[in-house]
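Structural overview for review
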Amino acid sequence: MTVLLGDKNRFAAEVGEWDDALRRVDLWAAGKLLTCDDNLSFVSQFRRDVLDTAVWLRSGQGSPLPFEGLSPQATHRRLMHRAGSDDETEAEYELRSQFRFLSWGPTTDNVTAHVFCDADRLVLTLQFWREEHLIKHPEDAGEVFVAEIPRVEFVGILEDLVAVLDGGPDRECP
């Protein structure tokens, strides 16, 4: 049985069948399938990471866009400008890390993502970076995708995802 949570144009998770300790989880944001490289999650690790994100957001954590006047796409690009390079300063790394998002293991490591929190609304920016993906999907090269979603809706999707993942391979999805 497959369970779809959320709206693929904002944020959605689709949970499918088990394969031993792994379970198919497809994630979408801004109408893009994010788990196109690896959609088999190691459930215990993935569940913990998703729950940690839900708790963090439910507690009101997160910061607004850091650069006044820049769009979410431009902000994402500015944060990534020297990411991982030898000339990236510690301050740049720490600022970028403050917004890093969807660090949920191999299932989401093909996407660089940031989250910006504005009161009751989240702005997600996402960019594919793997060369294999960009060769297969040249339309994604250099693109920064943006999704906006109410914080309470996003947290609800994450909490529902955790509940579905809690159902072991011998239990039906709710």
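Preceding this paragraph is the structure being described.
Per chain, the residues get numbers from 1 upward, laid out in the order the sequence is written. Where totals are concerned, whole chains, interfaces and linings use all residues; where local detail is concerned, this predicted model gives features only for residues with pLDDT of at least 70, and gives and counts side-chain atom pairs only at 80 or more. Neither water nor hydrogens contribute to the side-chain values; these are computed over all heavy atoms in the structure.

1. Section: the pattern of salt bridges
Here a salt bridge means any side-chain nitrogen of Lys or Arg lying within 4 Å of a carboxyl oxygen belonging to Asp or Glu. Evaluation of the coordinates by the stated rule reveals 16 salt bridges. Salt-bridge contacts for Arg-24 lead to Glu-14; the nearest nitrogen and oxygen are separated by 3.1 Å. A residue pair is termed long-range when its members are at least 10 positions apart, and Arg-24 in strand β3 (residues 22-29) and Glu-14 in strand β2 (residues 11-19) qualify at 10 residues. In this text, helices come from DSSP runs of H or I with a minimum length of four residues, and strands from runs of E with a minimum of two, each type numbered from the N-terminal end.

2. So, the layout of surface pockets
Here the term cavity refers to a set of points on a 1 Å grid, laid over the protein atoms alone, in which a 1.4 Å probe fits but cannot get out; the term pocket refers to an open set having protein on both sides within 12 Å along at least five of seven lines, with lining residues being those that place an atom within 4 Å of a point. Grid points are joined across faces, edges and corners, and a volume is the space filled by probe spheres set on the points. Taken as a whole, the largest pocket holds about 190 Å³ of empty space. Every element with two or more residues in the lining of the largest pocket is listed here: β6 (100-101) and β7 (111-118). A total of four residues in the lining of the largest pocket trace back to one element, the largest contributor, which is β7. Tallied by class, residues from the lining of the largest pocket come to six nonpolar, four polar and three charged. All amino acids are sorted into three groups, where Ala, Val, Leu, Ile, Met, Phe, Trp, Tyr, Cys and Pro are nonpolar, Asp, Glu, Lys and Arg are charged, and the leftover types, Gly among them, are polar.

3. Some thoughts on the packing of aromatic side chains
Centres within 6.5 Å are what make two rings of Phe, Tyr or Trp a pair, Trp counting through its six-membered ring; a difference in plane orientation under 30 degrees is then read as stacked, over 60 as edge-to-face, and the rest as tilted. Counted under the stated rule, the structure contains five aromatic pairs. Each ring, one from Phe-99 and one from Phe-116, has its centre 5.0 Å from the other, and the planes form 40°; the classification is tilted. Linking Phe-99 in helix α3 (residues 90-99) with Phe-116 in strand β7, this pair joins segments that are 17 residues apart in sequence. Neither residue differs from the other here; Phe-99 and Phe-116 are each classed as buried. Feature note: the residues Phe-11, Phe-101 and Phe-154 constitute an aromatic cluster, connected by ring pairs. For each residue, the accessible area found with a 1.4 Å probe, counting protein chains only, is set against the maximum for its type, and the residue is called buried under 20%, exposed over 50%, and partly exposed in between.

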